[in-house]
Amino acid sequence: MSASDPPPTRDHPEYVGAVYGSLLAASVVAGSAADGTPTSPGDLVVVLISTGVVFWIAHLYVQVVGRGAPLTWPRLREAGRQEWPLAQAAFPPAIAAALASALGMSDAVASWAALAVAVAGQVTWAVGAAVRTRSSTSVVVLSGLANLVLGLAIVLLKTLVAAH
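Read on for a plain summary of the structure.

Reading the values: the criteria
- Residues numbered from 1 in each chain as written.
- Predicted model: local features only at pLDDT ≥ 70, side-chain atom pairs only at ≥ 80, totals over all residues.
- Heavy atoms only, no water.
- Core = buried A, V, L, I, M, F, W, Y, C linked by side-chain atoms within 4.5 Å.
- Buried < 20%, exposed > 50% of the residue type's maximum accessible area, 1.4 Å probe, protein only.
- Helix = DSSP H or I, 4+ residues; strand = E, 2+ residues; numbered from the N terminus.
- Contact = heavy atoms within 4.5 Å.
- Phe/Tyr/Trp six-rings, centres within 6.5 Å; stacked < 30°, edge-to-face > 60°.
- Salt bridge = Lys/Arg side-chain N within 4 Å of Asp/Glu carboxyl O.
- Expected span 1.5 Å × (residues − 1).
- Bend = angle between axes of the 7 residues up to and from the residue.
- Polar contact = N/O pair within 3.5 Å; in protein donor to acceptor, adjacent residues only side chain to side chain.
- Patch = residues over 30% accessible without salt bridge, like charges linked within 9 Å, V, L, I, M, F, W, Y side chains within 5 Å.
- Areas by Shrake-Rupley, 256 points an atom, 1.4 Å probe, with all protein chains shown as cover.
- Axes fitted to C-alpha atoms, helices over the stretch in contact; angles between N-to-C directions.
- Parallel < 35°, antiparallel > 145°, perpendicular 65-115°, else oblique.

**Description of the nonpolar core**
(1) Moving on: In this structure, Ala26, Val29, Leu44, Leu48, Ala114, Leu115 and Ile154 are the most contacted members of the largest nonpolar core, which totals 17 residues.
(2) Moving on: Those elements that place two or more of their residues in this core are helix H1 (13-31), helix H2 (41-64), helix H4 (91-102) and helix H5 (107-132).
(3) Moving on: Sorting elements by how many residues they give to this core places H1 first, with six residues.
(4) Moving on: Look past the residues within four positions of Val29 in its chain and what remains in contact with it is Leu44, Leu48, Ser111, Ala114, Leu115 and Lys158.

**Digging into the packing of aromatic side chains**
(1) Moving on: In total, this model carries four aromatic pairs according to the counting rule given.
(2) Moving on: With centroids separated by 5.1 Å and ring planes inclined at 85 degrees, the aromatic side chains of Trp56 and Trp84 adopt a geometry described as edge-to-face. Remark: Trp84 occurs in helix H3 (residues 73-88) and Trp56 occurs in helix H2; sequence separation between them is 28 residues.
(3) Moving on: Judged by centre distance (6.3 Å) and plane angle (50 degrees), the ring pair of Trp84 and Phe91 falls under tilted.
(4) Moving on: Taking the relative accessible area as the measure of exposure, Phe91 reaches 31% and is therefore partly exposed.

**As for the pattern of salt bridges**
(1) Moving on: For the structure shown, the criterion picks out one salt bridge.
(2) Moving on: Note that Glu78 and Arg81 form a salt bridge whose closest N and O atoms lie 2.6 Å from each other. In this pair, Glu78 and Arg81 are both assigned in helix H3, three residues apart and thus about one turn of the helix distant.
(3) Moving on: On the basis of relative accessible area, Glu78 is assigned to the partly exposed category, the value being 34%.
(4) Moving on: Overall, Arg81 belongs to the exposed group, its relative accessible area being 53%.

**Thoughts on H3**
(1) Moving on: Spanning 16 residues, H3 covers 21 Å between terminal C-alpha atoms, matching the ideal 22 Å at 1.5 Å per step.
(2) Moving on: The largest bend along H3 measures about 40 degrees and falls at Gln82, with the proline Pro85 one to four residues further on.
(3) Moving on: Three or more residues of H3 are buried, namely Ala79, Gly80, Glu83, Pro85, Leu86 and Ala87.
(4) Moving on: The N-cap residue of H3 is Thr72: its side-chain oxygen and the backbone nitrogen of Arg75 are 3.2 Å apart.

**Focus: a nonpolar patch on the surface**
(1) Moving on: Taken together, the side chains of Phe91, Ile95, Leu99, Leu103, Met105 and Val109 make up a nonpolar region of the molecular surface, amounting to roughly 550 Å² of accessible area.
(2) Moving on: The element best represented in the nonpolar patch is H4, accounting for three residues.
(3) Moving on: One can find Leu99 in helix H4.

**A short note on the packing of H2 against H4**
(1) Moving on: Between H2 and H4, whose axes approach to 9 Å, the crossing angle comes to 170 degrees. As summarised for this structure, H2 and H4 are arranged roughly antiparallel, according to the angle between their axes. Touching Pro41, Leu44, Val45, Leu48 and Ile49 of H2 are Phe91, Pro93, Ala94, Ala97, Ala98 and Ser101, all from H4.

Written as structure tokens, this is what we have:
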């Protein structure tokens, strides 16, 4: 690899983790109202943050213990830092839900705001990763569109669940 080659994406786990974490957050929001009743924003915030942290811990386990390497504090700290964007991606949708509630909006509006922020984050991180790796314009656009389609699939699922 020459000095002008883009760094491989695996060297930038913040993008991978943030895209995955945003998709996870969108899925949590969509699944939080399985009975068709919107979850209260407070409960949604707790579920979003706790799910992000649990998945962060799971990824941390895989990075440290699952690879057969000795468990050391430096290795644990480094893996925790690398995987943190997965959990961190839950914060913007949680903030959106809390803010919508604080502004007096309904639980349904707070839920949709959280979902919109999660999908927007997913698309933004995917495009950022493609730009960071100096991908062609077509790959940047394709990355954004692919993640938008994934996000819209979750929106569709939430709509179908809410209709029942």
